[in-house]
Amino acid sequence: MTVFLVCSSSLFCILTPPPLQGEYGATALMGAAAGGNAAIIPLLLEAGANIEASIEIGDNTGLILATLVGYEAEVGELLKGNPNLERKNLEGKTALDYARSKLYTHSCSCELPP
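The structure displayed is predicted, hence computed values, not measured ones.

Asks: Lay out the side chain of S54 in plain terms, naming residues and giving numbers.
Replies: Relative to the helices and strands, S54 is located in the loop between α2 (41-46) and α3 (62-69). In terms of polar contacts, S54 uses its side chain to reach the side chain of D59, at 2.5 Å. A distance of 3.1 Å separates a polar atom in the side chain of S54 from a polar atom in the side chain of R87.

Asks: Quick one: what's the story with the side chain of E77, residue by residue and with numbers?
Replies: With respect to the secondary-structure elements, E77 resides in helix α4 (residues 72-80). A distance of 3.2 Å separates the side chain of E77 from the side chain of K80, its partner in a polar contact. Aside from chain neighbours lying at most four places away, what touches E77 is A38, I41, P42 and L45.

Asks: I'd like a description of unusual backbone geometry, backed by residues and values.
Replies: Positive phi outside glycine occurs at D59, with the angle close to 55°. As for its placement among the helices and strands, D59 is situated in the loop between α2 and α3. At N82, a position not held by glycine, the phi torsion is positive, near 60°. With respect to the helices and strands, N82 occurs in the loop between α4 and α5 (95-102).

Asks: Tell me about the environment of E56, residues and numbers included.
Replies: Mapping E56 onto the fold places it in the loop between α2 and α3. Residue class for E56 comes out exposed when judged on its relative accessible area of 58%. In sequence terms E56 and L90 are 34 residues apart; their C-alpha atoms lie 9.6 Å from each other.

Cut-offs and rules
Residues numbered from 1 in each chain as written. Predicted model: local features only at pLDDT ≥ 70, side-chain atom pairs only at ≥ 80, totals over all residues. Heavy atoms only, no water. Helix = DSSP H or I, 4+ residues; strand = E, 2+ residues; numbered from the N terminus. Polar contact = N/O pair within 3.5 Å; in protein donor to acceptor, adjacent residues only side chain to side chain. Contact = heavy atoms within 4.5 Å. Buried < 20%, exposed > 50% of the residue type's maximum accessible area, 1.4 Å probe, protein only.

Below you can see the structure in the form of structure tokens.
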């Protein structure tokens, strides 16, 4: 098994095999997205984390989870990974649908992928 040592600039390191999934299919990338850890997202993506992986409950991806929680920095980092913006969860909603429904008053200074 290949194991990656992923470290952020704050010296927070984890050993993770990116394809490995935990309970309900959760991945380290989903945990970073929903847990407010924007700094670790690019490192996980570089290590091969699947940006399209979804949790079994609700079929939510990391991008949808970050949007549901309202973590703009995490959404910005995930958008740099070129996720499928049309991906829908079991409710038939995309991350953009959730962002619109939250009526955010802040703007994200990130660019959408081409």
